[in-house]
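Next come the chains, spelled out residue by residue.
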Amino acid sequence: VRFEPMPIARDGEHGTRSFASELIAFHQPEHPVSREYRALASHLLLHLPTEEAKVLLFTSTSRGAGTTTVLLNVALTVAQQEERNVAVVDCHFRSSAIADRLGLPVSPGLSEVLNRRISLDHAVQETGVEGLTALTAGSAEKIANPIGESMRGVLAELRKENDLILLDAPHWNGRPELIQLGGLCDAVYLCLAESQEDSADSLDAMEILREQGLNLRGCILTR
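All of the points below concern the structure found in this document. Quick caveat: nothing in here was measured; it's all calculated off a predicted structure.

## Focus: the overall build of the protein chain
Looking only at helices and strands, the protein chain has nine helices and eight strands in total. Along the first, second and third principal axes, the C-alpha set of the protein chain runs to 45 × 45 × 35 Å. Counting the 223 residues in the protein chain, one finds 50% classified as buried. Within the protein chain, counting contacts between residues at least 6 apart in sequence, those at least 24 apart form 74% of the total. Carbon and sulfur atoms provide 47% of the accessible area of the protein chain, an area that totals close to 10500 Å². The average position of the 20 basic charges and that of the 31 acidic charges among the side chains of the protein chain differ by 4 Å.

Set out below in structure tokens:
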């Protein structure tokens, strides 16, 4: 599956939210790129092992691979075309993007939930698209509790209300907290620029992810 992420820009108001224009699945659902996202969404759903709620983590080998753009377009496609409940979760505590792309306040969000400053119910935000909710990154405060232990409870609660939970993770650098986070997910997808498809770095990253015990289910190529 190949993609062509749209340039980051703003494209006016729709309802009470302002979505970034690269969310092509929302703005232009019949665009050829939107059809590619529908094909990707169908592929992901087809290969999920059961009908139970699933948590999928999206990451990359380097910055600039378009991971957030891919994740949000997939989320919009599943919510609108498949009529399923989808939650997107921003795990970029230092460089959040989901709030900005969806025209939402960045805080309160995941960091406040993990630090037990606010309940999950009060942190999850409506996006204006039926079936699609967002848990933004929250403030850039230090997470007091171990992310693995804390996130397990967050994801368990999200599974109760959603058919699919998509995690937007930082680029993969092997930090212990990222390995913990990936271990809590049902599948991991690696976003790669098309030019990096067969690079030594990308092949090494795939092998490392498997060695770390993560369920790497495939790569998504962007261009």
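## Comments concerning the packing of aromatic side chains
The description of an aromatic ring pair uses the distance of the two centres, along with the angle that the planes make with each other. Enumeration over the complete set of coordinates arrives at two aromatic pairs. Ring centres of Phe58 and Tyr189 lie 5.8 Å apart, and the angle between their planes is 35 degrees; on these two criteria the pair is classed as tilted. Here the residue Phe58 occupies a position in strand 2 (residues 54–60), and Tyr189 occupies one in strand 7 (residues 187–193), the gap between them amounting to 131 residues. A residue is classified by how much of its surface remains accessible, and Phe58, at 0% relative accessible area, is buried.

## As for the environment of Cys91
Following the sequence through the fold, Cys91 ends up in the loop between strand 3 (86–90) and helix 4 (98–102). In this structure the C-alpha to C-alpha distance between Cys91 and Pro170, which are 79 residues apart in sequence, comes to 7.0 Å. Once residues lying within four places of it in the same chain are set aside, the contact partners of Cys91 are Leu110, Leu167, Asp168, Ala169, Pro170 and Leu181.

## Digging into the pairing of strand 7
Judged by how many residues are buried, strand 7 sits mostly within the fold: six of seven residues are covered. Looking at chain direction, strand 2 and strand 7 are connected through five bridges and run parallel. Bridge pairing in strand 7 links Leu56 to Ala187. When strand 7 meets strand 8 (residues 216–222), the two strands line up parallel, connected through six bridges. Within strand 8, the residue paired with Leu190 across the bridge is Cys219. The parallel pair strand 7 and strand 8 is bridged by helix 9 (residues 200–211), and the resulting crossover is right-handed.

## Notes on helix 9
Taking 1.5 Å as the rise per residue, helix 9 with twelve residues should run 16 Å; its terminal C-alpha atoms sit 16 Å apart, in good agreement. Restricting attention to buried positions, one finds in helix 9 the residues Ser202, Ala205, Met206 and Leu209. Down the axis of helix 9, the sector holding all buried residues measures 100 degrees, keeping them to one side. Exposed and oriented more than 90 degrees from the buried face of helix 9 are Ala200 and Glu211. Elements that come into contact with the buried residues of helix 9 comprise strand 7 and strand 8.

Criteria and cut-off values
Residues numbered from 1 in each chain as written. Predicted model: local features only at pLDDT ≥ 70, side-chain atom pairs only at ≥ 80, totals over all residues. Heavy atoms only, no water. Helix = DSSP H or I, 4+ residues; strand = E, 2+ residues; numbered from the N terminus. Buried < 20%, exposed > 50% of the residue type's maximum accessible area, 1.4 Å probe, protein only. Contact = heavy atoms within 4.5 Å. Areas by Shrake-Rupley, 256 points an atom, 1.4 Å probe, with all protein chains shown as cover. Lys, Arg positive; Asp, Glu negative; His and termini not counted. Charge placed at Lys NZ, Arg CZ, Asp CG, Glu CD. Phe/Tyr/Trp six-rings, centres within 6.5 Å; stacked < 30°, edge-to-face > 60°. Pairing = 2+ DSSP bridges. Right-handed = clockwise from strand over helix to strand, strands pointing away. Expected span 1.5 Å × (residues − 1). Arc of directions from axis to C-beta.

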